[in-house]
Amino acid sequence: QVQFVESGGGLERPGGSLRLSCAASGSIFSSYAMGWYRRAPGKEREFVAGINKNGGTWYGNSVRGRFTISTDNDKNTVYLQMNILQPEDTAVYYCNKWTTNWREFDYWGQGTQVTVSS
């Protein structure tokens, strides 16, 4: 069963912006805080941003002030607005539940590739 479908990635120049979307299954979206994660080439997956059911948000140190996570509850969709993109942001971006044990998740969607290059 597909739980997350990420989209919106692409090639962007440094300093540019992209908006990622994640359509989540209704049962998961309504029950869990949601997060965005990324995996850069040769690196482990890392936490990017999270949003809880009260709308509280958290960000990884490297993206704080540049990225914004939000949700559309009517569409069961999580967004990641990425501004002032840098080459270090190049990675495959994934959404998933946001819990303390996210590193142990077995299921990940296909992700969406973000490449920042001049």
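Note that the coordinates shown come from a computational prediction; the quantities given were computed from them, not determined experimentally. Every chain is numbered on its own, with residues counted from 1 as its sequence reads. Residue-level local features of this predicted model are given only where pLDDT is at least 70; pairs of side-chain atoms are given and counted only at 80 or more, and the full residue set underlies all totals for whole chains, interfaces and linings. To obtain the side-chain values, all non-hydrogen atoms of the structure were used and water was disregarded.

K.L.:
Summarise the state of the cysteines; cite the residues concerned and give the values.
P.N.:
Whenever a pair of cysteine sulfur atoms sits within 2.5 Å, that pair is classed as a disulfide. Using the criterion set out here, one finds one disulfide in the structure. A disulfide bridge connects Cys 22 with Cys 95, and the sulfur atoms are separated by 1.7 Å. With Cys 22 in strand E3 (residues 18-24) and Cys 95 in strand E9 (residues 91-97), this residue pair connects regions lying 73 residues apart in the sequence. The same class applies to Cys 22 and to Cys 95, which are both buried. What counts as a helix is a DSSP run of H or I of at least four residues, what counts as a strand is a run of E of at least two, and both are numbered from the N terminus. Three exposure classes are used, based on accessible area relative to the maximum for each residue type with a 1.4 Å probe and protein chains only: buried under 20%, partly exposed in between, and exposed over 50%.

K.L.:
Can you lay out the nonpolar core for me, pointing to particular residues and giving the numbers?
P.N.:
The biggest cluster of nonpolar side chains holds 26 residues, and the ones touching the most others in it are Trp 36, Leu 80, Met 82 and Tyr 93. Mapped by element, the contributors of at least two residues to this core are E3, helix H1 (26-29), strand E4 (34-39), strand E5 (46-51), strand E7 (67-72), strand E8 (77-82), E9 and strand E10 (112-116). For this core, the element with the most residues is E3, which contributes four residues. Within this scheme, the nonpolar core is defined by two criteria: the residues are buried Ala, Val, Leu, Ile, Met, Phe, Trp, Tyr or Cys, and they are joined through side-chain atoms within 4.5 Å. Within the second largest apolar cluster, six residues are counted, among which are Val 92, Tyr 94, Phe 105 and Trp 108.

K.L.:
Outline the pattern of salt bridges, supporting the account with residue identities and numerical values.
P.N.:
One side-chain nitrogen of Lys or Arg within 4 Å of one carboxyl oxygen of Asp or Glu is enough to make a salt bridge. A complete count under the given rule lists three salt bridges for this structure. With its nearest N and O atoms 3.0 Å apart, the salt bridge here joins Asp 89 to Arg 38. Here Asp 89, found in the loop between E8 and E9, pairs with Arg 38, found in strand E4; they are 51 residues apart in sequence, far enough to count as distant. The class for Asp 89 is buried, based on a relative accessible area of 1%. Classification of Arg 38 as buried rests on a relative accessible area of 5%.

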